[in-house]
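Fold and contact review
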Amino acid sequence: MSRILIAVSDSEQFDLIEEILVARMPDVQIDRVEDENRAKAKIGSRTYQLVIAHQHLARDSKTPIQENEARGLLLVQWLDAGGIRIPAILLAFQSDKEVIAATNRLPNCESVFIGLDRWE
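**Comments concerning the nonpolar core**
- Ile43, Val51 and Leu75 are the most contacted members of the largest nonpolar core, which has 23 residues in total.
- Broken down by secondary-structure element, the contributors of at least two residues to this core are β1 (3–7), α2 (36–45), β3 (50–54), α3 (71–81), β4 (88–93) and α4 (97–104).
- A per-element tally of this core places α3 first, with 4 residues.
- In this structure, Val51 is in contact with Leu5, Ile43, Leu75, Leu79, Ile86, Pro87, Ala88 and Ile89, ignoring residues within four places of it in sequence.
- Counting 12 residues, the second largest nonpolar core, distinct from the first, contains Ile6, Val8, Phe14 and Ile52.

Following this line, the structure appears as structure tokens:
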């Protein structure tokens, strides 16, 4: 059975991602976190086959999202820097060229653009 970690703060976006995954992999187990610190804690305590992170995450549960920080990107970079070879998908904005370029340098990460009609 596959276990996937989804790090997104928006409930509607999480629901859509979950619906897409369950339709394609009915026996998948999905964990959700809403900030970078919780994502790191989950990754340290469980085995995941995939991590999906939104470009804009809060650092922790007490800190509001700072869009200029791109904490989702920092999370997938942390995976790579730590030698954690979990495939990752970063939900990013196509207009953010710096984030896309940084994602393209990561061997285990792909970008999916948010805001397109059929990004799912």
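Okay, back to it.
**Points about the pattern of salt bridges**
- A full pass over the atoms with the stated rule returns 9 salt bridges.
- Arg59 is the salt-bridge partner of Glu69, the closest N and O atoms lying 3.3 Å from each other. Separated by 10 residues along the polypeptide, Glu69 in the loop between β3 and α3 and Arg59 in the loop between β3 and α3 bring together distant segments of the chain.
- For Arg59, a relative accessible area of 34% corresponds to the partly exposed category.
- When salt bridges with common partners are traced through the structure, they connect Glu36, Lys40, Arg59, Glu69 and Arg71 into a single cluster.

**Section: empty space enclosed by the protein**
- In this structure the tally under the stated criterion is 1 cavity of 30 Å³ or more.
- In this structure, the largest cavity occupies an estimated 60 Å³ of space.
- Taken together, Val76, Leu79, Asp80, Ile84, Arg85, Ile86, Ala88, Leu106, Pro107, Asn108 and Cys109 form the lining of the largest cavity.
- If you tally residues by element for the lining of the largest cavity, the top one is α3, at 3 residues.
- Of the residues belonging to the lining of the largest cavity, the class tally is 8 nonpolar, 1 polar and 2 charged.

**Overview of unusual backbone geometry**
- Here Ala70, not a glycine, exhibits a phi torsion of approximately 50 degrees, which is positive.
- With respect to the secondary-structure elements, Ala70 resides in the loop between β3 and α3.
- Owing to a relative accessible area of 8%, Ala70 belongs among the buried residues under this scheme.

**Let's talk about the pairing of β4**
- Relative to β4, β3 runs parallel, the two sharing 4 bridges. Bridged to His54 within β4 is Leu91.
- Strand direction decides the pairing type here: β4 and strand β5 (residues 109–114), joined by 6 bridges, are parallel. By the bridge assignment, Ile89 is partnered in β5 with Glu110.
- Since β4 and β5 lie parallel, the crossover through α4 that links them has a hand, and here it is right-handed.

Definitions and cut-offs
- Residues numbered from 1 in each chain as written.
- Predicted model: local features only at pLDDT ≥ 70, side-chain atom pairs only at ≥ 80, totals over all residues.
- Heavy atoms only, no water.
- Core = buried A, V, L, I, M, F, W, Y, C linked by side-chain atoms within 4.5 Å.
- Buried < 20%, exposed > 50% of the residue type's maximum accessible area, 1.4 Å probe, protein only.
- Helix = DSSP H or I, 4+ residues; strand = E, 2+ residues; numbered from the N terminus.
- Contact = heavy atoms within 4.5 Å.
- Salt bridge = Lys/Arg side-chain N within 4 Å of Asp/Glu carboxyl O.
- 1 Å grid on protein atoms, 1.4 Å probe; cavity = no way out; pocket = protein on both sides within 12 Å on 5 of 7 lines; lining within 4 Å.
- Points joined across faces, edges and corners; volume = space filled by probe spheres on them.
- Nonpolar A, V, L, I, M, F, W, Y, C, P; charged D, E, K, R; others polar.
- Pairing = 2+ DSSP bridges.
- Right-handed = clockwise from strand over helix to strand, strands pointing away.

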